[in-house]
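Take a look at the letters that make up each chain.
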Amino acid sequence: MTGTRIAALGHYQPAKVLTNHDLAELVDTDDAWITSRVGIRTRHVAGPDEPVDELAAHAAGKALATAGLTPDDIDLVLVATSTAIDRSPNTAARVAARLGMTSPATMDLNVVCAGFTHALATADHAVRAGGARRVLVIGADKMTAVTDWTDRTTCVLTGDGAGAAIVEAVDDADAGDEPGIGPVLWGSVPEMGHAVRIEGTPPVFAQEGQSVYRWATQSLPALARKTCERSGIAPEDLAGVVLHQANLRIIEPLAAKIGAVNAIVARDVVDSGNTSAASIPLALAKLVERGELPSGAPVLLFGFGGNLSYAGQVVRVP
């Protein structure tokens, strides 16, 4: 039998930083209003000459270097994004070209804020089914490109960035008792898909903030606990919890309701804002890079948001 594991992580954010004080010069807001409602203080903003695939390629290159791999060691490239401008070539193909790959399979997944955890599960399934040996999984979004900078309820939220993971096959006999990537729990609430939208020409991000907040705080704790059950992990045994970085007022209560009393909780939203599909790998890669999560430790990843889709799994730190 073949199992999977995350071999390495990488992340990337544009150099330009937009503070709450900067935003106060654009719309009627201030630092106190923003931090009290969403917890965000800064966010990174990509320039007009920095497309989504460039952000993704930077994160991917870092993950490959950390793993000691070359681009041609990758069989499949999966990019979770909802902010690519063009339909073809897809973002994954453009990332492969930037990295100089020769013949990988390339696919984009659009599940908005839950995109990375959906892509990670897809990579896990592809490897277990024998369709690939190594998969490059990327979450990348340029949310500021679809932001209405006159709407103070949404423009304070968004940021740009990318995070990447290398998923590789491992013989179950060598993986020990714990899976490197646990079983996924995923689903959606289709009748509430209107609550988070990127629509129109040009596309613009909009959401019904109170509806999303109520759904996240009321429904997600049970789903997150069920995700832990599928991996045979008690919430109190988690070393880390990395939720979609949407709002600190959602993240902190949700982690507490899960019962992850001993876990480090990712709070990258404070520095990065809501980077959609990039938020989970970005936050996880930073925690690992800083040495806050030891190798082999169990971490709950749980994405939620656009489409009111969700997906989560417990993974072991590379």
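All of the points below concern the structure found in this document. Note that the structure is a prediction, hence the values are computed from the model and not measured.

Points about the pattern of salt bridges
Scanning the entire structure with this criterion turns up 13 salt bridges. Across the pair Glu199 and Arg197 runs a salt bridge whose closest N-O atoms are separated by 3.5 Å. The exposure class assigned to Arg197 is partly exposed, which follows from its relative accessible area of 24%.

Section: the sheet that holds strand E7 (residues 160–171)
Spatially, the five strands line up as an open sheet ordered E1-E7-E6-E4-E5, and their pairing is mixed. Each end of this open sheet is capped by a strand with a single partner; those strands are strand E1 (2–12) and strand E5 (105–109). Each adjacent strand pair in this sheet contributes to an overall mean axis angle of 20°, direction not counted. Note: E1 against E7, 10 bridges, orientation antiparallel. In the sheet register, Ala8 faces E7, and the bridge partner there is Ile166. Of the strands in this sheet, E1, strand E6 (134–142) and E7 are in contact with helix H10 (residues 279–289), which crosses E1 at around 90°.

Section: the packing of aromatic side chains
Overall, the coordinates contain two aromatic pairs when judged by the stated rule. With a centroid separation of 6.5 Å and an interplanar angle of 40°, the aromatic rings of Trp215 and Tyr310 are classed as tilted. Of this pair, Trp215 sits in helix H7 (residues 209–230) while Tyr310 sits in strand E14 (residues 309–316), and the two are 95 residues apart along the sequence. Each member of the pair Trp215 and Tyr310 is classed as buried. Both rings, one in Phe302 and one in Tyr310, keep their centres 6.2 Å apart while their planes meet at 10°; by these two values the pair is stacked.

Some thoughts on the environment of Val314
The topology assignment puts Val314 in strand E14. By relative accessible area, which is 4% here, Val314 ends up buried. Taking the C-alpha atoms as reference, Val314 lies 6.1 Å from Leu301; in sequence the two are 13 residues apart.

Topic: unusual backbone geometry
Note that the residue after Ser88, namely Pro89, is joined by a cis bond; omega there is 0°. By secondary structure assignment, the location of Pro89 is in the loop between strand E4 (76–80) and helix H4 (91–99). Residues Thr201 and Pro202 are joined by a peptide bond in cis, for which omega reads 0°. Within the secondary structure, Pro202 sits in the loop between strand E9 (196–199) and strand E10 (204–207). One non-glycine residue, Ser276, lies in positive phi territory at about 55°. Mapped onto the secondary structure, Ser276 falls in the loop between helix H9 (269–272) and H10.

Points about the packing of helix H3 (residues 52–67) against H4
Helix-helix packing: each pair is described by the crossing angle between the helix axes and the interaxial distance. The interhelical angle for the contact between H3 and H4, taken along N-to-C directions, is 55°, at an axis separation of 9 Å. With respect to their mutual orientation, H3 and H4 come out oblique. Crossing handedness for the pair H3 and H4: right-handed. Along its contact with H3, which presents Val52, Asp53, Glu54, Ala56, Ala57, Ala60, Gly61 and Leu64, the element H4 presents Thr91, Arg94, Val95, Arg98 and Leu99. Class assignment of the residues belonging to the contact of H3 with H4 gives a composition of seven nonpolar, two polar and four charged.

Calculation notes
Residues numbered from 1 in each chain as written. Predicted model: local features only at pLDDT ≥ 70, side-chain atom pairs only at ≥ 80, totals over all residues. Heavy atoms only, no water. Salt bridge = Lys/Arg side-chain N within 4 Å of Asp/Glu carboxyl O. Buried < 20%, exposed > 50% of the residue type's maximum accessible area, 1.4 Å probe, protein only. Pairing = 2+ DSSP bridges. Helix = DSSP H or I, 4+ residues; strand = E, 2+ residues; numbered from the N terminus. Axes fitted to C-alpha atoms, helices over the stretch in contact; angles between N-to-C directions. Contact = heavy atoms within 4.5 Å. Phe/Tyr/Trp six-rings, centres within 6.5 Å; stacked < 30°, edge-to-face > 60°. Parallel < 35°, antiparallel > 145°, perpendicular 65-115°, else oblique. Left-handed = near helix turned anticlockwise from the far one by under 90°. Nonpolar A, V, L, I, M, F, W, Y, C, P; charged D, E, K, R; others polar.

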